[in-house]
Protein chains: 2
Amino acid sequence: MNGARPLTGAEWLRPDSPEGDVVLSSRIRLARNFAGFPFVGRAKREDRRQILQIARRDIMQGGLAAEVMWVDLNEVSPLERSVLVERHLISKQHAKGDEPRAVAISTPDERLSIMVNEEDHLRIQVIRGGLDLSGAFKQIDEIDDKIEAMSDYAFSTRFGYLTACPTNVGTGIRVSVMLHLPGLKLSGELEKVKRAASGMSLAVRGFYGEGSEAVGDFFQLSNQTTLGKSERDLLIEFEQQIVPKVVEYERLARRSLVEKRRVILEDRVQRALGTLRHARLLKSEEALEMLSFLRLGITLGIVEGVELSTVNNLILLTQPAHLQRLAKHDMEQSERRIERATVVRKYLGG
Amino acid sequence: MNGARPLTGAEWLRPDSPEGDVVLSSRIRLARNFAGFPFVGRAKREDRRQILQIARRDIMQGGLAAEVMWVDLNEVSPLERSVLVERHLISKQHAKGDEPRAVAISTPDERLSIMVNEEDHLRIQVIRGGLDLSGAFKQIDEIDDKIEAMSDYAFSTRFGYLTACPTNVGTGIRVSVMLHLPGLKLSGELEKVKRAASGMSLAVRGFYGEGSEAVGDFFQLSNQTTLGKSERDLLIEFEQQIVPKVVEYERLARRSLVEKRRVILEDRVQRALGTLRHARLLKSEEALEMLSFLRLGITLGIVEGVELSTVNNLILLTQPAHLQRLAKHDMEQSERRIERATVVRKYLGG
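Residues numbered from 1 in each chain as written. Chains lettered and ligands numbered in written order. Predicted model: local features only at pLDDT ≥ 70, side-chain atom pairs only at ≥ 80, totals over all residues. Heavy atoms only, no water.

1. Regarding the interface of chain A and chain B
Stage number 1. Taken together, the contact between chain A and chain B spans 17 residues of the former and 17 residues of the latter.
Stage number 2. Overall, the association of chain A and chain B removes approximately 1500 Å² of surface from exposure, summing both partners, and the carbon and sulfur fraction of that is 58%.
Stage number 3. Broken down residue by residue, the surface that chain A buries against chain B is led by A:Arg271, A:His278 and A:Arg280, which jointly contribute 42%.
Stage number 4. The interface formed by chain A and chain B contains two salt bridges.
Stage number 5. Residue A:Glu286 is joined to B:Arg271 by a salt bridge in which the shortest nitrogen-to-oxygen separation is 2.7 Å. (Contact = heavy atoms within 4.5 Å. Buried area = accessible area lost by both parts, 1.4 Å probe. Salt bridge = Lys/Arg side-chain N within 4 Å of Asp/Glu carboxyl O.)

Structure (structure tokens):
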């Protein structure tokens, strides 16, 4: 950051990830707080500064030092912070304000990010391409240990890890996958899956988490509560039962579309490609929607000559902050729409 | 027809016609009835048969014989009749039923068509590319004379030519132009022009005349009444005042779009081209709408590498009957949508 180490390709955008046709990424997040300090919401500015110092020492001088870079969010521009949001490395909330706060990011893979002074003192996140929750868990567990080797966490023998929000108390873990479900959407079966998920206390959210809409048929599926289940149970259930089931449904829906409504599917996919290759103005939501159809077309072999990684990259590159960073200056919304269309044409050959 | 003389390119589709950027075609139609016979609506089958015989003799054995072919509408398939409707050579009404009726068409230019036993005994039509009403009038006047040299028309010294519908009595002339007005549509000024037209007793209709909607921003502008004005006055007013005014407004609107909303315009035009080049299913209305944008783009130099004549031809070729004639078999609507998209891609390189 600060121009020194620019972000490159996030590992989770790679196209050859396990179940990558349906699962964009797997994410595990741990909520942790240092013992002896109030939660962030109640912490004074001086408390936050101390928390930041401790976190920086634990992360940058402990076992993680070699792989991460430290980004003081008050020292980077609002645009750079928005880029981090778009890359799923910090939350929208964490990008705002001027309180002492930071994020540590592993480079260049961007698998690990640790938000400091977000809702909890530490929000440790590991994100990996495709369905790889066990891999993510193994990694985050080691990271957690390395930090705990430096400082004491707030922990209750009765409740487990103490967190700012009660829904995180216990293991403090949140497990989620980003799914691409255009097949279920087109076949009208998505609502059924959503109802089933909600019946299992799973949350279904849009591309940018809580409160965001599901544009382009990308859905984030996550556990709602962390109390009362062991991390292992939760993981196994999620990775070996729930997600594979959804993946199977989605693939069935896609196959059925190919068999029964091939022309309609080809029409949708090709029109999306036509729009992406020809538009001179592109809104953010429309770009994501068209890229979603294109992604579907590639996984089904309907579109040739376009790489899945190109689409995955465009999903990030067409976001507002990425566009402005690429153009190296701030842009009004109308200007961004032109730039977005230009970037898309550059990558897809319009 | 009947496989013997297939229709080729209609002259009015040529791209180098006068004011061809705005005026697709000029059309003059005369309503004539033979003396001594009831109007078609009141004629018995035997009357109609006699009228048909007289018309055939007057047209095919008189001064027009060399240039026209005779099509007995009861001897061609419904599909061929629909093709004639789509080429504006006969009316929808004339295509229907099994009464004795025919059409004489000049080939290969298709400038002249004479419907026999439509609403009047004869409906003589001359259609020419671009704005060329005087040319059309000169031609139709000669044709009219050639027929009148063979038979007497029903004529009243008080009213002029007698016609089945009172609005045609007098000169029996209808003058119309097919306009392409996407600029006025996009700029929101079309309603103003329509109101002005209606204030001057002009009718504004869609691409297929009475009752048809204005798809693709193609509008047919015609006089409403024929009584009380000399043919010459009507023509001069139409060709030298009214139409040039609309053409001027349309060009101003287009120029203004290019200057003030260039990107929006390019976006619309390019998206249309993208859809035409990529769609696998195309509805008739959508095709016409997209071709309209493409046509606009070509006249403004926004689109390169596509000829105006290609677009003009596609406007006809994408119509249902033309599609089926091209494919050499009847098709369901869903099949036509596939075929339409295929034909468009073939011509526009998708």
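2. Examining the pairing of strand 3 (residues 102-106) of chain B
Residue and element names in this part refer to chain B.
Stage number 1. With five of five residues buried, strand 3 lies mostly within the body of the structure.
Stage number 2. Where burial is concerned, the two faces of strand 3 agree: the one with Ala102, Ala104 and Ser106 and the one with Val103 and Ile105 are both buried.
Stage number 3. Relative to strand 3, strand 2 (residues 68-72) runs antiparallel, the two sharing five bridges. When the bridges of strand 3 are listed, tryptophan 70 appears paired with alanine 104.
Stage number 4. Sheet topology note: the strand 3/strand 4 (residues 112-116) ladder contains four bridges and is antiparallel. Residue alanine 102 lies in a different strand from strand 4, and its bridge partner there is valine 116.
Stage number 5. Hairpin connection, strand 3 to strand 4: the antiparallel pair is bridged by five residues, and glutamate 110 has positive phi, about 60°. (Buried < 20%, exposed > 50% of the residue type's maximum accessible area, 1.4 Å probe, protein only. Helix = DSSP H or I, 4+ residues; strand = E, 2+ residues; numbered from the N terminus. Pairing = 2+ DSSP bridges.)

3. Let's talk about the sheet that holds strand 9 (residues 202-205) of chain B
Working definition: the strands of a sheet are paired by backbone hydrogen bonds and lie parallel or antiparallel to each other.
All names here are of chain B.
Stage number 1. Read across the sheet, eight strands follow the order 2-3-4-5-1-8-10-9 without closing on themselves; strand pairing throughout is antiparallel. The two strands at the open ends of the sheet, each matched to only one other strand, are strand 2 and strand 9. Averaged over neighbouring strand pairs, the angle between their axes works out to 20° when direction is ignored.
Stage number 2. Running over the sheet, helix 1 (residues 45-60) touches strand 2, strand 3, strand 4 and strand 5 (122-129) and is turned about 165° from strand 2.
Stage number 3. The sheet strands contacting helix 4 (residues 133-148) are strand 1 (23-32), strand 4, strand 5 and strand 8 (173-180), and the helix crosses strand 5 at an angle near 150°. (Axes fitted to C-alpha atoms, helices over the stretch in contact; angles between N-to-C directions.)

4. Describing the sheet that holds strand 1 (residues 23-32) of chain A
All names here are of chain A.
Stage number 1. Across the sheet, which stays open at both edges, the eight strands sit in the order 2-3-4-5-1-8-10-9 with antiparallel pairing between neighbours. Looking at strand neighbours, the two that pair on one side only are strand 2 (68-72) and strand 9 (202-205), the edges of this open sheet. Across this sheet, the average inter-strand angle for adjacent strands is 20°, counted without regard to direction.
Stage number 2. Running at roughly 140° to strand 9, helix 6 (residues 190-199) makes contact with strand 9 and strand 10 (218-223) of the sheet.
Stage number 3. In the packing of helix 7 (residues 231-260) onto the sheet, the strands contacted are strand 1, strand 8 (173-180), strand 9 and strand 10, and the crossing angle to strand 8 comes to about 10°.

5. A short note on helix 9 (residues 284-299) of chain B
Stage number 1. Along its 16 residues, helix 9 of chain B runs 23 Å from first to last C-alpha, staying within 8% of the 22 Å computed at 1.5 Å per residue.
Stage number 2. With twelve of its 16 residues buried, helix 9 of chain B lies for the most part within the structure. (Expected span 1.5 Å × (residues − 1).)

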